[in-house]
Amino acid sequence: MKELLHAPAGSAGNNVYAQLKQQIVSLELPPGTTLSEKEMSIAFQVSRTPVRESFVRLAQEGLLLVLPQRGTKVSLIDPDLVEEARFMREQLERAVIKLACQSFPEEQLTALERNLELQQESLRLHDGRSMFELDEEFHRILFEGCRKLGTWSVIQQMNAHLNRSRILWLKTDPHWEHLYDQHRQMFEAVRLRDESRADSVMREHLTLSIANLSVLKEKFPDFFVTMQ
């Protein structure tokens, strides 16, 4: 098993949970990976209690399957949950970008522009992890500028299956320029207060989240829940 980082100082349970979730969502721990309380407690240098608590939290979020007498596994990606998360994001993010076109602080507009510069650097280096993080940050800034970070937090609670499929796609598809182009168009629409254009680009952008789902399921069948 891949060596895991030791939990830093602070709440052992929260740190184990946060790091395990990050590794599951980033696919460092791929779908179907078997996890052991004993191995995790050794890897994180904590007792089994915070590991067990983390397993329970991650199971509640649908990222782990705790199987009695059979151990614990990273859950497979559920296409239904991918679509549900995309649906929620589309409704909320289209509403937020419309608000942004009506009023958006200059500070956050500058932050979006800086984010786009960093996206260009990620494209140049072909750094998928950085590109994913900057994509997420771009959208978070939109919510922040509209004073809707609480709504952004709600989205994150349902986003795990969607994010795993997005990261899998970034690892598979070498062409990310259209992501940057759509972000640039959103930035310009907010800057020019073009609500119709912003809404159109956001809708198209979020459709990408599931556009390649059938291709990914065919290429990585062991990573996805099989529909009966």
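In case you missed it, the structure is sitting above this.
Residues numbered from 1 in each chain as written. Predicted model: local features only at pLDDT ≥ 70, side-chain atom pairs only at ≥ 80, totals over all residues. Heavy atoms only, no water.

Undergrad: Break down the overall build of the chain for me, with residues and values.
TA: On a plain count of helices and strands, the chain comes out with 11 helices and three strands. Along the chain, helices and strands appear, N-terminal first, in the series α-β-α-α-β-β-α-α-α-α-α-α-α-α. In terms of C-alpha radius of gyration, the chain reaches 19 Å, essentially the compact-globule figure of 17 Å for 228 residues. Overall, the chain is about 60 × 40 × 30 Å in size when its C-alpha atoms are taken along their principal axes. A buried classification covers 45% of the 228 residues belonging to the chain. (Helix = DSSP H or I, 4+ residues; strand = E, 2+ residues; numbered from the N terminus. Rg over C-alpha atoms; globule rule 2.2 N^0.38 Å. Buried < 20%, exposed > 50% of the residue type's maximum accessible area, 1.4 Å probe, protein only.)

Undergrad: Would you mind going over the pattern of salt bridges in detail, with residue names and values included?
TA: The tally for this structure, following the rule as stated, stands at 19 salt bridges. We note a salt bridge from Arg86 to Glu83, for which the minimum N-O separation is 2.9 Å. Residue Arg86 and its partner Glu83 are both found in helix 4 (residues 79–102); the two are separated by three residues, about one turn of the helix. By relative accessible area, which is 9% here, Arg86 ends up buried. The salt bridge involving Arg191 is made with Glu188; its shortest N-O contact spans 2.6 Å. (Salt bridge = Lys/Arg side-chain N within 4 Å of Asp/Glu carboxyl O.)

Undergrad: For helix 2 (residues 37–44), give the residues involved together with the corresponding values.
TA: Burial in helix 2 covers these residues: Met40, Ser41, Ala43 and Phe44. With its buried residues spanning 165 degrees around the axis, helix 2 presents them on a single face. Where helix 2 is buried, its residues contact helix 1 (12–25), strand 1 (34–35) and helix 3 (48–60). (Arc of directions from axis to C-beta. Contact = heavy atoms within 4.5 Å.)

Undergrad: Break down the nonpolar core for me, with residues and values.
TA: Ranked by size, the top nonpolar core spans 58 residues in total, and within it Leu20, Phe104, Leu142 and Val190 carry the most contacts. Element by element, the count of residues in this core is highest for helix 4, at seven residues. (Core = buried A, V, L, I, M, F, W, Y, C linked by side-chain atoms within 4.5 Å.)

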